[in-house]
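# Structural description and commentary
The lines below spell out each chain.
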Amino acid sequence: MVLHSKSMVLGFLLIVLLLLPIAGASSEAGDIKEAELFKADDNPAGGENDLFTELSEKAELYNENFDEVPMLFKRLVASEEIALRIKLENGTMLYATAIMRGGKVGEFYSYETENDPNSKFGPTIIVETDEQTVRKVLDSDDPLREAVKSMNEGDLDVECKGFFRRTVLWAIKQLYS
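Bear in mind that the values here come from a model prediction, so they are computed numbers and not experimental data.

What counts, and where the lines are drawn
Residues numbered from 1 in each chain as written. Predicted model: local features only at pLDDT ≥ 70, side-chain atom pairs only at ≥ 80, totals over all residues. Heavy atoms only, no water. Helix = DSSP H or I, 4+ residues; strand = E, 2+ residues; numbered from the N terminus. Buried < 20%, exposed > 50% of the residue type's maximum accessible area, 1.4 Å probe, protein only. Contact = heavy atoms within 4.5 Å. Areas by Shrake-Rupley, 256 points an atom, 1.4 Å probe, with all protein chains shown as cover. Axes fitted to C-alpha atoms, helices over the stretch in contact; angles between N-to-C directions. Parallel < 35°, antiparallel > 145°, perpendicular 65-115°, else oblique. Nonpolar A, V, L, I, M, F, W, Y, C, P; charged D, E, K, R; others polar. Core = buried A, V, L, I, M, F, W, Y, C linked by side-chain atoms within 4.5 Å. Pairing = 2+ DSSP bridges. Left-handed = near helix turned anticlockwise from the far one by under 90°.

### Notes on the overall build of the chain
- Broken down by element type, the chain carries six helices and five strands.
- Start at the N end of the chain and walk to the C end: the helices and strands fall as α-α-α-β-β-β-β-α-α-β-α.
- When the 177 residues of the chain are sorted by exposure, 38% land in the buried category.
- Contacts spanning at least 24 positions in sequence make up 61% of the contacts within the chain whose residues lie at least 6 apart.
- Roughly 11900 Å² of accessible area belongs to the chain as shown, and the carbon and sulfur atoms make up 54% of that amount.

Here's what the structure looks like:
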């Protein structure tokens, strides 16, 4: 039991050290302006029950309530390209990409093929699931905890590229299980 506790403490300490912000970083990029953030269409073409429309609205709501988002999650999605591959109840697939800027949704769009035609480098986070799981997470009072539960049950697959992203995802799964 003591060995298990020491392992958890060391693991947590490692995560904390990895997540400490790097202070004093400077840039010679010149004038830096704040990125415009995503705003959902007022008149979406897909209709009221369209999952992409609902996700777009939730992305805008996420940006509006950004101060309430857990810091660990903000670090996971910081400036990532997140690919969504969702099997819809009608048997088709919804492919979408969220371009994150400073943890907020900067762009959010869908496309017809498995690979994003607008992507220059490919996604750093890939999320694969089905419509029922997405709706269960969206309708939850605690979406992050519900998402972790769905990951643990195998209904939501999140693939992160890179050691840092995988470590942060592991920490989220530990804290929100």
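Past the structure itself, the notes keep going.
### Describing the packing of helix α5 (residues 143–153) against helix α6 (residues 163–175)
- Packing of α5 against α6 leaves a shortest axis separation of 9 Å and a crossing angle of 105 degrees. Of the possible angle classes, the one that applies to α5 and α6 is roughly perpendicular. In contact with Leu-144, Arg-145, Val-148, Met-151 and Asn-152 of α5, α6 contributes Leu-169, Ile-172, Lys-173 and Leu-175.
- Residues of the contact of α5 with α6, tallied by class, amount to six nonpolar, one polar and two charged.

### Section: the nonpolar core
- With 36 residues, the main nonpolar core has Leu-51, Leu-55, Leu-76, Ile-82, Ile-86, Phe-108 and Ile-172 as its most contacted residues.
- Considering each element in turn, this core owes the most residues, five residues, to helix α2 (residues 51–64).
- Apart from residues no more than four positions distant in its own chain, Leu-76 is found in contact with Ile-125, Cys-160, Arg-165, Val-168, Leu-169 and Ile-172.
- With six residues, the next largest nonpolar core counts Ala-83, Tyr-95, Ile-99 and Tyr-111 among its residues.

### Side note on the pairing of strand β1 (residues 81–87)
- Across the seven residues that make up β1, a large majority, six, are buried.
- Counting the residues between successive antiparallel strands, the hairpin from β1 to strand β2 (residues 93–101) contains five residues, one of them, Gly-91, with a positive phi of roughly 95 degrees.
- Inspection of the sheet shows β1 paired to strand β4 (residues 125–130) by six bridges, in the parallel sense. Note on β4: the bridge partner recorded for Ala-83 is Ile-126.

### Topic: the packing of α2 against helix α4 (residues 131–138)
- Running from N to C, α2 and α4 cross one another at 30 degrees; their axes reach a closest spacing of 12 Å. Considered as vectors, α2 and α4 are oriented roughly parallel to each other. For the pair α2 and α4, the crossing hand works out as left-handed. On α4, the residues that touch Leu-51, Glu-54, Leu-55 and Lys-58 of α2 are Glu-131, Val-134, Arg-135 and Leu-138.
- Grouping the constituent residues of the contact of α2 with α4 by class yields four nonpolar, no polar and four charged.

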